[in-house]
Amino acid sequence: MVAREANFFVIAALVLAGCAYKPDSFRQGSASFRGFYISVDCLDLGIDHRKRDNRMDVIAYEFGNRCDKPVVVDLAAARVYGRTADGEEVELYAFDPMSEIRPVRIDARAYGREAIEYPSSHTLDRVCIDAAAIAHVSPPNWICFNRRD
Amino acid sequence: MPRTVAALTVIALALPSHSSFADDTFIAFPPNVATPYPDCAQLAGGGVVGRRNCPPYGMWGAAREAPYITVGLGVNFRRLPRRFAASTSSSTSSLARTTGAATITEPGTDTSYTIVESIDLALTSFSYVGLEIEISPSMPEHLAPGARTFAAGAQAVLGLRGGNRHLKLGVELAGGGRVIDSTGNYDADEPVLEARAFGDLWVTPWFTVGALVGASVIDRGDWVTGVQLGFHSWSYGGL
């Protein structure tokens with residue numbers, strides 16, 4: 001019986017050990033982050049762009065806390081701009097009908113992901129996100145996606 | 001054996017069912033497959049905020065929005081001093097020294113090993129309260145005269161702790177009651193008031209292994225040592 005209990009403890013330890021985010025790994029467990037990789041302060045970010053239709057862009061954020069302290073992930077603060085075919089820049093706002101998006105502290109060495117939709121009244125050729133704003137860091141660090149990609 | 005089953009049942013019920021702190025927001029789980037969020041097996045809107053039914057935004061930060069909780073599992077080795085029931089006659093035992101007290105203590109101890117399950121709730125960064133259930137999975141077949149072995153117990157705990165991302169140290173006071181197997185005719189239900197010190201090593205951000213040592217403050221010669229595993233809801237205990 002003691003041997004079975006010991007096995008249980010070892011398995012539990014291995015499971016928990018596998019849950020921690022490893023800095024610079026850009027992985028959630030066995031799955032790699034999707035999209036463009038960038039490190040901003042304590043956050044390792046994977047930012048991906050999903051096309052919905054001509055007037056709707058979905059940005060998928062995956063993030064891991066590379067530090068041994070909790071940090072804020074503020075997707076509400078992410079500045080997102082679109083550029084139309086004729087060069088006009090349009091600020092985009094998250095689709096958030098229930099006002100869910102807010103700054104949330106993520107635990108040390110934890111990871112998470114969200115997908116946020118940015119509707120627009122224009123047809124956009126390019127969408128850019130300031131990744132630094134997510135971690136409340138300056139200067140801005142722009143990541144851009146062409147809608148043709 | 002029934003005690004072992006009871007102890008394992010308590011442990012199984014107290015273990016967190018989902019230890020991960022990240023969410024699984026836009027994984028398209030196949031139908032009828034168990035997921036961390038059973039009601040979210042069919043995520044609406046590709047898991048996009050505002051179009052999905054669940055989980056709510058920011059589940060990956062839920063651990064830090066809830067109080068810091070630690071679930072502990074451990075094995076203790078308890079050394080209990082022998083006692084003899086008081087008697088008007090001194091002929092009951094050659095070891096017994098009858099006095100006016102209800103019991104007396106003789107040299108010699110008996111060791112019991114126990115399985116302990118605990119849950120702690122942080123009050124501040126350095127203090128916590130908790131509950132413990134402790135049970136001995138073995139029952140002695142023969143007890144020497146005056147011998148006492150631990151059967152089961154429950155304690156409330158008040159403690160202080162601190163440390164860094166490598167080591168956590170703490171002291172705590174546990175009070176409650178316990179049941180003792182013995183050959184004497186004294187009351188086998190005993191109060192407990194125990195002072196302890198412990199040290200834990202962080203193996204992962206949410207998991208520690210450690211050791212403790214303690215002694216009863218009301219029963220001289222009553223000692224405990226133990227090893228413990230800790231499962232923490234905040235990484236590194238909220239450093």
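What counts, and at which threshold
Residues numbered from 1 in each chain as written. Chains lettered and ligands numbered in written order. Predicted model: local features only at pLDDT ≥ 70, side-chain atom pairs only at ≥ 80, totals over all residues. Helix = DSSP H or I, 4+ residues; strand = E, 2+ residues; numbered from the N terminus. Buried ≥ 20, exposed ≤ 12 C-beta atoms within 10 Å, placed from the backbone. Contact = placed C-beta atoms within 7 Å. Pairing = 2+ DSSP bridges. Axes fitted to C-alpha atoms, helices over the stretch in contact; angles between N-to-C directions. Core = buried A, V, L, I, M, F, W, Y, C linked by C-beta atoms within 7 Å. pLDDT = per-residue confidence, 0-100.

1. Focus on the overall build of chain A
The secondary structure content of chain A amounts to two helices and 12 strands. Element order for chain A, N to C, with α for helix and β for strand: α-β-β-β-β-β-β-β-β-β-β-β-α-β. A buried classification covers 37% of the 149 residues belonging to chain A. Contacts spanning at least 24 positions in sequence make up 63% of the contacts within chain A whose residues lie at least 6 apart.

2. Some thoughts on the overall build of chain B
Scanning chain B from N- to C-terminus turns up two helices and eight strands. For chain B, the α and β elements follow one another from N to C terminus as α-α-β-β-β-β-β-β-β-β. Considering only residue pairs separated by 6 or more positions, chain B has 55% of its internal contacts joining residues 24 or more positions apart.

3. A closer look at the environment of B:T109
Secondary-structure assignment places B:T109 in strand 2 (residues 103-122). Filtering out sequence-adjacent residues up to four positions away, B:T109 remains in contact with B:R79, B:L80, B:P81, B:R82 and B:G221.

4. Re the pairing of strand 10 (residues 111-119) of chain A
All names here are of chain A. Most of strand 10 is tucked away: eight of the nine residues are buried. Bridge count between strand 5 (residues 56-65) and strand 10: nine bridges; the pairing is antiparallel. Bridge pairing in strand 10 places D57 opposite Y118.

5. Some remarks on the environment of B:A154
Residues and elements named next belong to chain B. Mapping A154 onto the fold places it in strand 4 (residues 148-163). As a C-alpha pair, A154 and V179 span 25 residues in sequence and 9.3 Å in three-dimensional space. Excluding anything up to four places from it in sequence, A154 contacts E132, I133, G176 and G177.

6. Quick look at the sheet that holds strand 11 (residues 124-130) of chain A
Residues and elements named next belong to chain A. Strand order in the open sheet formed by four strands is 8-7-11-12, with antiparallel pairing between adjacent strands. The open sheet has two free edges, formed respectively by strand 8 (89-92) and strand 12 (142-146), since each of these has just one partner strand. Geometrically, the sheet is characterised by an average inter-axis angle of 25° between neighbouring strands, direction not taken into account.

7. Considerations on the nonpolar core
Residue and element names in this part refer to chain A. In this structure, L43, I59, I116 and I134 are the most contacted members of the largest nonpolar core, which totals 42 residues. With five residues, the single largest contributor to this core is strand 5. Other than its neighbours up to four places away in sequence, I134 contacts V40, L43, L45, V73, D74, L75, A77 and A78.

8. Some details on the environment of A:D96
Structurally, A:D96 is set in the loop between strand 8 and strand 9 (104-106). Excluding its chain neighbours within four sequence positions, the residues that come into contact with A:D96 are A:I101, B:V49 and B:G50.

9. Here's the deal with the confidence of the model for chain B
Residue and element names in this part refer to chain B. Of the residues in chain B, 69% have a pLDDT of 70 or more, and the chain-wide mean is 77. Below pLDDT 50 for its whole length, residues 10-36 participates in 53 contacts with residues either more than four positions away or in separate chains. In this model, residues 87-105 is a region of pLDDT below 50 whose contacts with residues beyond four sequence positions or in other chains number 30 contacts. Among the prediction metrics, the complex's ipTM stands at 0.83, with pTM recorded as 0.75.

10. Observations regarding unusual backbone geometry
Residue and element names in this part refer to chain A. In this structure, P139 follows S138 across a cis peptide bond, with omega equal to 5°. Inspection of the secondary structure assignment puts P139 in the loop between helix 2 (131-134) and strand 12. Of note, D24 is a non-glycine position whose phi angle comes to about 70°, a positive value. By the secondary structure assignment, D24 is in the loop between helix 1 (2-17) and strand 1 (27-28).

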